[in-house]
Amino acid sequence: MSPSRVAIVTCATYERAEVDAAVARGFALLGGASRFARTGERILLKPNLLVASAPDSAVTTHPAVFSAVARELAATGASLVWGDSPGFGGTLGAGKRAGVAAVADELGIPVADFGHGREVSFPEGALIKRFTIAEGALAADGIVSLPKLKTHALTRMTGAIKNQFGCIPGMLKGEFHTRMPDVTRFSRMLVDLNRFLRPHLFVMDAIVAMEGNGPRGGDPRHVGVLLFSEDPVAIDALGCRIMALDPALVETIVEGERLGLGSASDIEVVGDELPVLTDYRVNRAPASTTRGLGSSLGKRLLAPRPFIVHERCTRCGTCVAVCPVEPKAVDFPEGEKSRVPEHDYGRCIRCYCCQEMCPERAIEVKTPLLGRLIRR
Ligand code: SF4
Ligand code: SF4
């Protein structure tokens, strides 16, 4: 088998002319946009719209990248739509705040239906044989996925593989966390989802990525590159290299390679040099503190846990709303909404949805003492 090609293109800023030139070069390095879209095909552009967030917060795919990719693909004669199902809130609200909806309007690209889902069968699934997928994703002839490079509490990094989770509509995403609280099984599910959806191309926005308390509450980190590939495993493995993170610690990559989604090792890099940022703030702890902690005791003693920084909490209740566990594993004490919510670590499955969605960056993740000792 030939190696997976990944094109790296330096792009220092989100200035339109610079991004347009970088995107055109990225497509050229992979053989041109016509390899990924054809006249008459309906192509879904799938940015990362995790939650309604302004472009400079580095939570969502930047609209300049969305715009440049859209224009390259539109020139092939394909008809484009866009969509994503955020972790909290609706597609249009998130798209507007991220600046993607305005660009799409300007280019005449309609929004796809991500509010409704349809059950599909996937007998080839290693773990999941049936998915409920957004109608807008099912109606497309092909997907071009536009992930953002960020840190993530559960999977350490989020990039190409995880971006397809937004093709699961609404709160159904939370069900996967309760059904497979273990990061290995959750990652296997994500790999199955990618094997079902098979996006034609991934263009990763790593011009300004996110480090620290990602994927929402972290800090923007300038990296200055765009990555292009048909292989989500290869592109995520290079995303890890940027973060100086061992890809063997990222379960989505490990499972992706094991199940034949792509390759993390047999990669042909073309284009520019990949930056490696050794001081990138990401979880590099050994797998023993995160992998295979299926038992509640193991999780309780070892797995990193979310905690609320009281001074930052505005009592908005988002963490309570998104917690997929019933009864909730984070809730207002005695139902009093004027008080800071509290975690019940006995019930908490460590999915980190509360940390992911807190709008005030008030939830951080810390490893308990025993987990910290095992790291040494
Ligand atoms: S989501 Fe954040 S700010 Fe809102 S109640 Fe929870 S911890 Fe507080
Ligand atoms: S409290 Fe947070 S980490 Fe725990 S189960 Fe609920 S959303 Fe997930």
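Because the structure is a prediction, the values reported are computed rather than measured. (Residues numbered from 1 in each chain as written. Chains lettered and ligands numbered in written order. Predicted model: local features only at pLDDT ≥ 70, side-chain atom pairs only at ≥ 80, totals over all residues. Heavy atoms only, no water.)

A. The overall build of the protein, seen in detail. Within the protein, the regular secondary structure consists of 14 helices and 15 strands. Rg of the C-alpha trace for the protein: 20 Å, near the compact-globule value of 21 Å for 376 residues, within the 12% margin. Restricting to contacts in the protein with at least 6 residues of sequence separation, those with at least 24 account for 74%. Carbon and sulfur atoms provide 51% of the accessible area of the protein, an area that totals close to 14500 Å². Charge-centre separation for the protein: the mean point of 45 positive side chains lies 5 Å from the mean point of 42 negative side chains. (Helix = DSSP H or I, 4+ residues; strand = E, 2+ residues; numbered from the N terminus. Rg over C-alpha atoms; globule rule 2.2 N^0.38 Å. Contact = heavy atoms within 4.5 Å. Areas by Shrake-Rupley, 256 points an atom, 1.4 Å probe, with all protein chains shown as cover. Lys, Arg positive; Asp, Glu negative; His and termini not counted. Charge placed at Lys NZ, Arg CZ, Asp CG, Glu CD.)

B. Region of interest: the nonpolar core. With 62 residues, the main nonpolar core has Phe131, Ile133, Phe176, Met189 and Leu227 as its most contacted residues. Those elements that place two or more of their residues in this core are strand 1 (4–10), strand 5 (130–134), helix 6 (160–163), helix 8 (183–197), strand 9 (201–211), strand 10 (219–229) and helix 9 (232–243). Top element by residues in this core is helix 9. It accounts for eight residues. Contact partners of leucine 227, with chain neighbours within four places excluded, come to Val6, Ala7, Ile8, Phe202, Val203, Met204, Ala206, Ile235, Leu238, Ile242 and Leu274. Core analysis: the second largest hydrophobic core is formed by 40 residues, Ala64, Ala70, Ala104 and Ile207 among them. (Core = buried A, V, L, I, M, F, W, Y, C linked by side-chain atoms within 4.5 Å. Buried < 20%, exposed > 50% of the residue type's maximum accessible area, 1.4 Å probe, protein only.)

C. Up close: the domain arrangement of the protein. Under the domain assignment used here, the protein contains domain 1 (4–271) and domain 2 (287–375). The C-alpha-based centres of domain 1 and domain 2 are spaced at 26 Å. When the two sides are added together, the surface that domain 1 and domain 2 hide from each other amounts to roughly 2000 Å², 55% of it contributed by carbon and sulfur. The largest per-residue losses of area from domain 1 upon contact with domain 2 belong to Phe88, Asn213 and Arg216, which jointly make up 25% of the total buried on that side. Taken together, domain 1 and domain 2 are joined by one salt bridge. (Domains from an automatic or database assignment. Buried area = accessible area lost by both parts, 1.4 Å probe. Salt bridge = Lys/Arg side-chain N within 4 Å of Asp/Glu carboxyl O.)

D. Structural view of the site of ligand 1. Around ligand 1, 13 residues are found, and the nearest of them are Cys313, Cys316, Gly317, Cys319 and Cys358. For the shell around ligand 1, the class distribution of residues is eight nonpolar, three polar and two charged. (Near = heavy atom within 4 Å. Nonpolar A, V, L, I, M, F, W, Y, C, P; charged D, E, K, R; others polar.)

E. Structural view of the packing of helix 2 (residues 63–74) against helix 4 (residues 100–107). Two elements in contact, helix 2 and helix 4, have axes whose closest approach is 9 Å; the angle formed by their N-to-C orientations is 25°. In this view, helix 2 runs roughly parallel relative to helix 4, as classed from their interaxial angle. Handedness of the helix 2/helix 4 crossing: right-handed. Here helix 2 contributes Pro63, Phe66, Ser67, Ala70 and Arg71 to the contact with helix 4, which in turn contributes Val100, Val103, Ala104 and Leu107. Of the residues assigned to the contact of helix 2 with helix 4, the class counts are seven nonpolar, one polar and one charged. (Axes fitted to C-alpha atoms, helices over the stretch in contact; angles between N-to-C directions. Parallel < 35°, antiparallel > 145°, perpendicular 65-115°, else oblique. Left-handed = near helix turned anticlockwise from the far one by under 90°.)

F. Representation of the site of ligand 2. The local shell around ligand 2 holds 14 residues, among which Cys323, Cys348, Cys351, Tyr352 and Cys354 are the closest. By residue class, the composition of the shell around ligand 2 is 12 nonpolar, one polar and one charged.

G. Main features of the environment of isoleucine 133. Take isoleucine 133: it is sitting in strand 5. Here isoleucine 133 falls in the buried class, since its relative accessible area comes to 0%. Taking the C-alpha atoms as reference points, isoleucine 133 and phenylalanine 122, separated by 11 residues in sequence, lie 11 Å from one another. For isoleucine 133, the contacting residues outside a window of four places in its chain are His116, Gly117, Arg118, Val120, Leu138, Cys167, Ile168, Pro169, Leu193, Phe196 and Leu197.

H. Structural detail: the environment of histidine 62. Along the polypeptide, histidine 62 turns up in the loop between strand 2 (42–47) and helix 2. Sequence spacing of histidine 62 and valine 330 is 268 residues, and the spatial spacing of their C-alpha atoms is 32 Å. Leave out the neighbours within four places in its chain, and histidine 62 touches Tyr14, Pro55, Lys148 and Asp205.

I. Examining the sheet that holds strand 1 more closely. Spatially, seven strands are ordered 3-2-6-9-10-1-11 in an open sheet, and the strand pairing comes out mixed. Two strands close off the open sheet at either side, each with one partner strand: strand 3 (79–82) and strand 11 (267–271). For this sheet, the mean angle separating the axes of adjacent strands, direction not counted, is 25°. The sheet contact formed by strand 2 and strand 3 spans four bridges and is parallel. Within strand 3, the position partnered with arginine 42 by the bridge is serine 79. Against the sheet, helix 9 touches strand 1, strand 9, strand 10 and strand 11, its axis set at about 145° to strand 10. (Pairing = 2+ DSSP bridges.)

J. Highlighting the pattern of salt bridges. Applying the stated rule across the entire model yields 21 salt bridges. Where arginine 5 meets glutamate 268, a salt bridge forms, and the shortest distance between an N and an O atom there is 3.1 Å. Residue arginine 5 is located in strand 1, and its partner glutamate 268 is located in strand 11; the two are separated by 263 residues in the primary sequence. Ionic pairing is found between glutamate 230 and arginine 35, a salt bridge with its closest N-O pair at 2.9 Å.

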